[in-house]
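Here's the letter readout for the chains.
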Amino acid sequence: MSLHSSSFGRSAAHWTPNAHAQFLRHRVDDPSVGAAFIVAFPLLWALLASFKTELEAVAFPPRFVGFSWSLDNYRQVLGESDYLGALRNSIIIAGGSSLLTLLLGVPAAWAMAFAPTRHTRALLLWMLSTKMLPAVGVLIPIFLFYRDWGLLDTHLGVALLLTAGNLPIAIWMLYANFKEVPGEILEAARMDGASLTQEILIVLAPMAAPGLASTFFLIFTLAWNESFWTLNITTTDATTLTAFIAAFSSPQGLFWAKLSAASMLSIVPVIVIGWLCQRQLVSGLTFGAVK
Amino acid sequence: MSNIVLERVSKRFGDTLVTDNIDLVIPAGKFTVFVGPSGCGKTTLLRLIAGLEDIDQGRLLIDGADMGQTPPAARGLAMVFQSYALYPHMSVRANLGFALKVAHTPPRDIAARVEAVAKLLDLSALLDRKPAALSGGQRQRVAIGRALVREPKAFLFDEPLSNLDAALRSQMRIEIRRLQQDLGITAIYVTHDQAEAMTMADQIVVFREGRIEQVGAPLEIYRRPTNRFVAGFIGSPCMNFLSGARAAAFGATTIGFRPEHLRLDASGELRGVVRTVEHLGNEALVHVQLEDDTMITARCTEDTALHPGAPIAFTPDPASIHRFDQDNRALDVG
Ligand SMILES: Nc1ncnc2c1ncn2[C@@H]1O[C@H](COP(=O)(O)OP(=O)(O)OP(=O)(O)O)[C@@H](O)[C@H]1O
Ligand SMILES: [Mg+2]
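### A few points about the interface of chain B and chain A
Logical step 1: Contacts between chain B and chain A engage 22 residues on the former and 15 residues on the latter.
Logical step 2: At the surface where chain B touches chain A, the tally comes to 1 salt bridge.
Logical step 3: For the salt bridge of R47 of chain B with E187 of chain A, the shortest nitrogen-to-oxygen distance reads 2.7 Å.
Logical step 4: Applying the counting rule to chain B against chain A returns 7 residue pairs in polar contact (both at pLDDT 80 or more).
Logical step 5: Of all elements in the fold, only α1 (42-50), β6 (77-80) and α2 (92-102) of chain B reach the threshold of two or more residues within the side of chain B that touches chain A.
Logical step 6: By residue class, the composition of the side of chain B that touches chain A is 16 nonpolar, 3 polar and 3 charged.

Structure below.
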């Protein structure tokens, strides 16, 4: 604390207009600032658009300042459509499928990392290769199966599909994380009499916590933002936020400003979760990079 | 106190036979050391005994009971890993008590046992620290303590001291040995350091390429190696070997003599030139190039004035010459 205030005091004492210019130039020159701006630009655009009227939102050239700020879009999205219902569906589907993915992925990754066979590598590659197939390639068969099994437009149906889609990614991430855990520690637990469940839950999980958190966050985000399956196999009962947002572009025409407001409302939960587990995430995503 | 018996135990990884038909008795209450060059299968054999690997062929008996289908924890053995393998997210106290906790021991008994072991190993002041906040020697003691808490039938050590510096290593060597003797517990200790094997063992098992070369008490192995490999592997600096006419004179393909069994003798038949001298303070190791270019090493007293380039001659003590046949088997040992 004292260190912080003293360094602050010193820099304030040396603060000259020249230094100020240098500081600015440094910030603008920094490539990561530029990259961050490019990545965030569509988001900023949507954020601005969400406060505009529909007319201003489509105006060209676009105005970044000097339009009349209003919360009307938010009011309409929240009031006149079923935002809360879609939010609830998204939470159930994304949360449920992410938990299910971990439930299946952790034991699978444990086996691959700590009890590999000579087929493990091939299996890992094969799993990933399923992600190379465009989803639309299996839309018809899945749609027909789902229709016959009564899974269309149900939470369970969507969650199962998203689980199947995210499982390979989750297993890859967990596998890479578990590989960093020394196997001898798990063997020590086995010698100490821990059951397999205890070995995974009380020994492995705490050591791999950052990896588990970042995997959960990634697959939760992927499930939250998934729109191909949610658009194609839900209609009313299980529509998620992504389907809800898409509804603003049809069929009565494109409502750009309301669509932006709905998008903003739908990413808030993800941003909140991301913010809350920020520290775990950073150490999880760089797991292995720093030793 | 338990004895461990291996009967024709084999294990292969892919195409390589890592342990080949091992027959061995680990006597109860004794300190048995597995020694051998890197990659000879010592760790694998220890893991087979622990149950961390499955035996392909053969039987493992602990106190006469076949352990083929017994999971690691139920064998009653405790293992101390080379990397210590402490649980990094748990305090020393939780590390020591883990085995008791998963066995549903009442918390009060766990606390008592943990305290007792901590006291024995001088860890009482460190019980609330995490492993990351301990020194190497302290971690080592926690690893040993974790094994002790379970009151195992036998201890399995896999090169437990190789991560410690030389001073700490010799200190821990004595501590482990004393602990084992005080408790009278069976121990198997893997090392590739023959000095460790010599100083700690009741029984040494010398391995090479998945096979046992010799089993015996340290001095027996030192004095009566059954083959040239064991003769060369045990003892430091290692035994000198001569072949050709000199060996033939003794009726052998190869003869060997240890550095301490060479006597400086101006009229000795081993003539050569001093190449290097290693001064150890109490003695000197003299590396000599013989007339036929063979290098030999001799252990001399420090007061012998020797310098590189000086001519020198030795006589080996005839009673201490080891003779080996063309298959490298010792001729004088049954
Ligand atoms: N899981 C495994 N898969 C395939 N080969 C293995 C495996 N574990 C060990 N090996 C091989 O088995 C042989 C014996 O290995 P082991 O670890 O038992 O040797 P070691 O005597 O303990 O050596 P060191 O002194 O270096 O520890 C080696 O050639 C090793 O490459
Ligand atoms: Mg080894």
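### Thoughts on the site of ligand 1
Residue and element names in this part refer to chain B.
Logical step 1: Around ligand 1, the neighbouring residues are F13, V18, S38, G39, C40, G41, K42, T43, T44, E159 and H192.
Logical step 2: In this structure, E159 approaches ligand 1 through a side-chain N or O atom, which is 3.3 Å from an oxygen atom.
Logical step 3: Protein contact buries 56% of the 630 Å² of open area that ligand 1 shows by itself.
Logical step 4: At 3 residues, the largest contribution of residues to the shell around ligand 1 is made by α1.
Logical step 5: Residue classes in the shell around ligand 1 are distributed as 3 nonpolar, 6 polar and 2 charged.

### A few points about the layout of surface pockets
Residues and elements named next belong to chain A.
Logical step 1: Here the largest pocket defines a volume of roughly 420 Å³.
Logical step 2: If you go around the largest pocket, you meet 16 residues; those closest to its centre are K131, A135, A164, G165 and W229.
Logical step 3: The greatest single-element share of the lining of the largest pocket, amounting to 7 residues, is contributed by helix α9 (residues 155-179).

### A few points about the nonpolar core
Logical step 1: Grouped together as the largest cluster of nonpolar side chains are 60 residues, with contacts concentrated most on F178 of chain A together with I4, F34 and I49 of chain B.
Logical step 2: With 7 residues, the single largest contributor to this core is helix α6 (residues 83-114) of chain A.
Logical step 3: Apart from residues lying up to four places away in sequence, F34 of chain B is in contact with L24, I26, K42, L45, I49, I188, Y189, V190, T191, V205 and F207 of chain B.

### Remarks on the domain arrangement of chain A
All names here are of chain A.
Logical step 1: Under the domain assignment, chain A is made up of domain 1 (3-74) and domain 2 (76-285).
Logical step 2: Across the contact, 13 residues belong to domain 1 and 12 residues belong to domain 2.
Logical step 3: Summing both sides of the interface, domain 1 and domain 2 together bury roughly 1100 Å²; the carbon and sulfur share of this comes to 67%.
Logical step 4: Per-residue buried area on domain 1 facing domain 2 is highest for E54, N73 and Y74; these three make up 53% of the total on that side.
Logical step 5: Our count for the domain 1 to domain 2 interface comes out at 1 salt bridge.
Logical step 6: K258 is the partner of E54 in a salt bridge, and the nearest nitrogen-oxygen pair spans 3.0 Å.

### Some remarks on the sheet that holds strand β15 (residues 283-290) of chain B
All names here are of chain B.
Logical step 1: The strand order across the open sheet built from 5 strands is β13-β17-β14-β15-β16, with neighbouring strands paired in antiparallel fashion. In this open sheet, the two strands that pair with only one neighbour each are β13 (262-264) and β16 (295-301). Within the sheet, the average angular offset between the axes of one strand and its neighbour, ignoring direction, is 50°.
Logical step 2: Pairing analysis gives 3 bridges linking β13 to strand β17 (residues 311-316), with the strands arranged antiparallel. Bridging from a neighbouring strand, L262 pairs with P316 of β17.

Procedures and definitions
- Residues numbered from 1 in each chain as written.
- Chains lettered and ligands numbered in written order.
- Predicted model: local features only at pLDDT ≥ 70, side-chain atom pairs only at ≥ 80, totals over all residues.
- Heavy atoms only, no water.
- Contact = heavy atoms within 4.5 Å.
- Salt bridge = Lys/Arg side-chain N within 4 Å of Asp/Glu carboxyl O.
- Polar contact = N/O pair within 3.5 Å; in protein donor to acceptor, adjacent residues only side chain to side chain.
- Helix = DSSP H or I, 4+ residues; strand = E, 2+ residues; numbered from the N terminus.
- Nonpolar A, V, L, I, M, F, W, Y, C, P; charged D, E, K, R; others polar.
- Near = heavy atom within 4 Å.
- Areas by Shrake-Rupley, 256 points an atom, 1.4 Å probe, with all protein chains shown as cover.
- 1 Å grid on protein atoms, 1.4 Å probe; cavity = no way out; pocket = protein on both sides within 12 Å on 5 of 7 lines; lining within 4 Å.
- Points joined across faces, edges and corners; volume = space filled by probe spheres on them.
- Core = buried A, V, L, I, M, F, W, Y, C linked by side-chain atoms within 4.5 Å.
- Buried < 20%, exposed > 50% of the residue type's maximum accessible area, 1.4 Å probe, protein only.
- Domains from an automatic or database assignment.
- Buried area = accessible area lost by both parts, 1.4 Å probe.
- Pairing = 2+ DSSP bridges.
- Axes fitted to C-alpha atoms, helices over the stretch in contact; angles between N-to-C directions.

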